[in-house]
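Each chain, written out:
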Amino acid sequence: MLSGLFPDCEAPLCLLASSTVLLILADSEHSAIFQCIQGLPENGLRRIILTASGGAFRDWPVEKMKTIKVADALKHPNWSMGRKITVDSATLMNKGLEVIEAHYLFGVDYDNIDIVIHPQSIIHSMVETQDSSVLAQVS
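Here goes a summary of the coordinates provided. (Residues numbered from 1 in each chain as written. Predicted model: local features only at pLDDT ≥ 70, side-chain atom pairs only at ≥ 80, totals over all residues. Heavy atoms only, no water.)

### Some words on the pairing of strand 3 (residues 123–129)
Next up, step 1: Across the seven residues that make up strand 3, a large majority, six, are buried.
Next up, step 2: Pairing analysis gives five bridges linking strand 1 (residues 45–52) to strand 3, with the strands arranged antiparallel. Across the sheet, residue Ile48 finds its bridge partner in strand 3, namely Val127.
Next up, step 3: Of the pairings in the sheet, the one linking strand 3 to strand 4 (residues 134–138) comprises five bridges and is antiparallel in character. Bridged to Met126 within strand 4 is Ala136.
Next up, step 4: Where strand 3 folds back on strand 4, the antiparallel hairpin that results is connected by four residues, among which Ser132 adopts a positive phi of roughly 75 degrees. (Buried < 20%, exposed > 50% of the residue type's maximum accessible area, 1.4 Å probe, protein only. Helix = DSSP H or I, 4+ residues; strand = E, 2+ residues; numbered from the N terminus. Pairing = 2+ DSSP bridges.)

### Remarks on the sheet that holds strand 4
Next up, step 1: Reading across the sheet, the four strands line up as 2-1-3-4 and stay open at both edges, with mixed pairing between neighbours. Looking at the sheet topology across the chains shown, the edges are occupied by strand 2 (113–117) and strand 4. On average, each strand axis in the sheet is inclined to that of its neighbour by 20 degrees, with strand direction left out of account.
Next up, step 2: Strands strand 1 and strand 2 of the sheet are contacted by helix 6 (residues 93–106), whose axis makes an angle of about 155 degrees with strand 1. (Axes fitted to C-alpha atoms, helices over the stretch in contact; angles between N-to-C directions. Contact = heavy atoms within 4.5 Å.)

### Side note on the packing of aromatic side chains
Next up, step 1: A complete count under the given rule lists one aromatic pair for this structure.
Next up, step 2: Between Phe57 and Trp60 the ring centres are 4.8 Å apart and the planes differ by 75 degrees, which places this aromatic pair in the edge-to-face class.
Next up, step 3: Directly above the aromatic system of Trp60 lies the positively charged group of Lys64, at a separation of 4.2 Å from the ring centroid. (Phe/Tyr/Trp six-rings, centres within 6.5 Å; stacked < 30°, edge-to-face > 60°. Lys NZ or Arg CZ within 6 Å of the ring centre and 35° of its normal.)

### Overview of helix 3 (residues 28–37)
Next up, step 1: Every buried residue belonging to helix 3 is among Glu29, His30, Ala32, Ile33, Cys36 and Ile37, and all of these are buried. Taken end-on, helix 3 shows its buried residues confined to a sector of 155 degrees, consistent with a single buried face.
Next up, step 2: Positive backbone phi, at 85 degrees, marks Gly39, one or two positions downstream of helix 3. (Arc of directions from axis to C-beta.)

### Here we look at the nonpolar core
Next up, step 1: Counting residues in each nonpolar core, the largest one holds 15 residues, and the members touching the most others are Ile33, Ile37, Leu45, Ile48, Phe106, Ile113 and Val127.
Next up, step 2: Secondary-structure elements contributing two or more residues to this core are helix 3, strand 1 and helix 6.
Next up, step 3: With four residues, the single largest contributor to this core is helix 6.
Next up, step 4: Core analysis: the second largest hydrophobic core is formed by five residues, Ala56, Phe57, Trp60 and Ala90 among them. (Core = buried A, V, L, I, M, F, W, Y, C linked by side-chain atoms within 4.5 Å.)

### Observations concerning a nonpolar patch on the surface
Next up, step 1: A surface patch of nonpolar side chains, about 480 Å² in accessible area, is lined by Met93, Leu97, Ile100, Tyr104 and Tyr110.
Next up, step 2: Mapped onto the secondary structure, Ile100 falls in helix 6.
Next up, step 3: Classification of Ile100 as partly exposed rests on a relative accessible area of 38%. (Patch = residues over 30% accessible without salt bridge, like charges linked within 9 Å, V, L, I, M, F, W, Y side chains within 5 Å. Areas by Shrake-Rupley, 256 points an atom, 1.4 Å probe, with all protein chains shown as cover. Salt bridge = Lys/Arg side-chain N within 4 Å of Asp/Glu carboxyl O.)

Written out as structure tokens, the structure is:
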């Protein structure tokens, strides 16, 4: 499956392709990527596009950033989550981790992984194929 997308791939999902082990991706962004790449031909993936809501500070002016308090970071505009992930979302730290995860899970170069701010949080992730088509997992 993935080994066809990425010949000579050493990413965990590529290595699992030749085993009987099942890896279930629980994070919505990576699960969405996995769903979108099903059936792509060899070398069919151009890039991964992760989406971010922008977190609690997405509409704040830069000048106001120096007054940020933890309570501000905990006011996520879209989701009700635990404190750590809410702060990670507000600072976009979670997206940095998701880029690293996508790189290692799917064997995609960092230069081919992008993040876009999508305040509506409808699209979990997208992939762009070599013919410039974009496939998205929406919910």
